[in-house]
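Overview (structure and organization)
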Amino acid sequence: MEVTLTINDKKINIDIAQDEALLTTLRNLGYYSVRCGCETTNCGLCTVWLDGKTILSCAYPTFRAVGHSITTLEGLADEAAYLGECLASEGADQCGYCTTGMMMSAMALKREKENPTDEDIKAFLKGNLCRCTGYESQLRGIRKYLRGDEV
Amino acid sequence: MLTCVRMLQPTTLDEAYELITTRHKTAPLLAGGCWLRLGKRQWPAVIDLTELELEYIVKDGDEYAIGAMTTQRDVETYEAFQHLGGGILPQALSSILGVQFRNMATIGGSVAGRFGFSDIIPALLALKADVVLYKAGRMSLEDYLTYDKRDILIEIRIKCEQPAVALVALRKSASDFPYLVGAMRHDAVGYSIYIGGRPGVAVKAKRASSILTAGRENAVAEAGEAAAAELFFESNSHASSSYRQAMTKVLIERLWYTVTTAGDNAGEVPAWK
């Protein structure tokens, strides 16, 4: 089926399978920040925004995204670069595979909640799994990003 | 993965009902789609419900009506639900995986799925929720859980005023499915105890509820024993049937303590029954 998607404010016409997951569509289009992990809605690697809310693109049928605004990390480049620096400055990247999904969640949290506490950060990022860092360094990096510290 | 040959998108409830009762009697209904995709089956057809305009939360008289396609996250963050029944709905929902998942999963999908591991079903039972179906109309959630006719869940209705209720889930690790989940309600009629994750869907522990309502000495311990005896438990990867049975007694003690110290009684230590 042919659909028009709005990805990072650009309209794109594309032919998709009826049961295609948004993750597959986005990666086929070259949005490689969107990563494939568990494909069972557990790990958070494939997190993107739909109308500003985080969703798991591995479980979201592409046809449902028609008429909505999809945002990937590529569409938040400047802010993502700053958040990346905050994380790097705290040693929060090891293999780095989970980082893009975690960044999408952290940037959504900033928009959804003013001055979030550590508990708010942990609750909001519960759906982003990391098997390297133990989360403490990421928590420090995200705190820096939310405060707007210089890095 | 969710795989299907045809994805059908009815735009009216009439059309959707006609599809599920005539041409596509076995086609699954796609709500959030979070659970359906975990199976390996390729479906000849899947019926998507997004176009039916069932995404809303409204106050209607002395009730809240929650559209079946409302996301779990929208229910979790709805201002009025933060205090309704001591915040039992946000409590039940916030333990379900991550925010991204709850931005997709719907309240109707959780209820219509009748999942045994559901945190939300016992919570809604404790709130004495009703459901509204397209064809069968309104019925209690308790009745709906055993209702076996094919129908479309339109909305869930909850009274705005609630007595003391409590929800306790036992799980092996945070964000995992609970291996046992219970809810309790204490109103003018007495106590009602609902236990799920046995691993079957939540049901009322009738004898245990009566014992607690009668309120004799050692009523809490007796209610725990009664629930462990009257309910059916099975083993799976999360817990054995005997472990679930043993923990049911603990669950009921915790539920009773939580209900007794809820609302105006917060902070008070109740005399142990």
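1. Topic: the overall build of chain B
- For chain B, the helix and strand inventory stands at 10 helices and 12 strands.
- With respect to the principal axes defined by its C-alpha atoms, chain B has extents near 60 × 45 × 30 Å.
- Across the 273 residues of chain B, 54% fall into the buried class.
- At a minimum sequence separation of 6, the contacts of chain B that also span at least 24 residues come to 57%.
- Accessible surface, chain B as shown: approximately 11,800 Å² in total, 51% of it carbon and sulfur.

2. Let's talk about the domain arrangement of chain B
Residues and elements named next belong to chain B.
- The assigned domain composition of chain B is domain 1 (3–52), domain 2 (57–159) and domain 3 (164–260).
- Taken over C-alpha atoms, the centre of domain 2 sits 20 Å from the centre of domain 3.
- With 21 residues of domain 2 at the interface, the matching set in domain 3 holds 22 residues.
- Here domain 2 and domain 3 share an interface that buries about 1,600 Å² over both sides, 64% of which is from carbon and sulfur atoms.
- Counting every contact that joins domain 2 to domain 3 gives 1 salt bridge.
- Between Asp119 and Arg171 there is a salt bridge; the shortest N-O distance is 2.7 Å.
- Across the domain 2-domain 3 interface, the total number found is 6 residue pairs in polar contact (both at pLDDT 80 or more).
- Contributions of two or more residues to the side of domain 2 that touches domain 3 are made by helix 3 (88–94) and helix 6 (120–126).
- Of the residues contributing to the side of domain 2 that touches domain 3, the split by class is 12 nonpolar, 5 polar and 4 charged.

3. Digging into the interface of chain A and chain B
- At the interface, 25 residues of chain A touch 30 residues of chain B.
- With both sides pooled, the region where chain A packs onto chain B buries about 2,100 Å², and carbon together with sulfur makes up 51% of that total.
- The largest per-residue losses of area from chain A upon contact with chain B belong to A:Asp19, A:Arg64 and A:Lys126, which jointly make up 28% of the total buried on that side.
- Where chain A meets chain B, there are 3 salt bridges.
- Of the charged contacts, one joins A:Arg64 and B:Asp48 as a salt bridge, the two residues approaching to 2.4 Å between their closest N and O atoms.
- Connecting chain A to chain B are 11 residue pairs in polar contact (both at pLDDT 80 or more).

4. Considerations on the confidence of the model for chain B
- Counting all residues, the mean pLDDT for chain B is 92, and 95% of those residues have values of 70 or more.
- As a predicted assembly, this complex carries a pTM of 0.93 together with an ipTM value of 0.95.

5. Considering the sheet that holds strand 1 (residues 3–8) of chain B
Residues and elements named next belong to chain B.
- In space, the 3 strands of this open sheet follow the order 1-3-2, with parallel pairing throughout. Each having just a single partner strand, strand 1 and strand 2 (29–30) make up the two edges of the open sheet.
- As judged from the 2 bridges shared by strand 2 and strand 3 (residues 42–48), these two strands associate in the parallel manner. Residue Leu30 lies in a different strand from strand 3, and its bridge partner there is Asp48.

Each value, and the rule that gives it
- Residues numbered from 1 in each chain as written.
- Chains lettered and ligands numbered in written order.
- Predicted model: local features only at pLDDT ≥ 70, side-chain atom pairs only at ≥ 80, totals over all residues.
- Heavy atoms only, no water.
- Helix = DSSP H or I, 4+ residues; strand = E, 2+ residues; numbered from the N terminus.
- Buried < 20%, exposed > 50% of the residue type's maximum accessible area, 1.4 Å probe, protein only.
- Contact = heavy atoms within 4.5 Å.
- Areas by Shrake-Rupley, 256 points an atom, 1.4 Å probe, with all protein chains shown as cover.
- Domains from an automatic or database assignment.
- Buried area = accessible area lost by both parts, 1.4 Å probe.
- Salt bridge = Lys/Arg side-chain N within 4 Å of Asp/Glu carboxyl O.
- Polar contact = N/O pair within 3.5 Å; in protein donor to acceptor, adjacent residues only side chain to side chain.
- Nonpolar A, V, L, I, M, F, W, Y, C, P; charged D, E, K, R; others polar.
- pLDDT = per-residue confidence, 0-100.
- Pairing = 2+ DSSP bridges.

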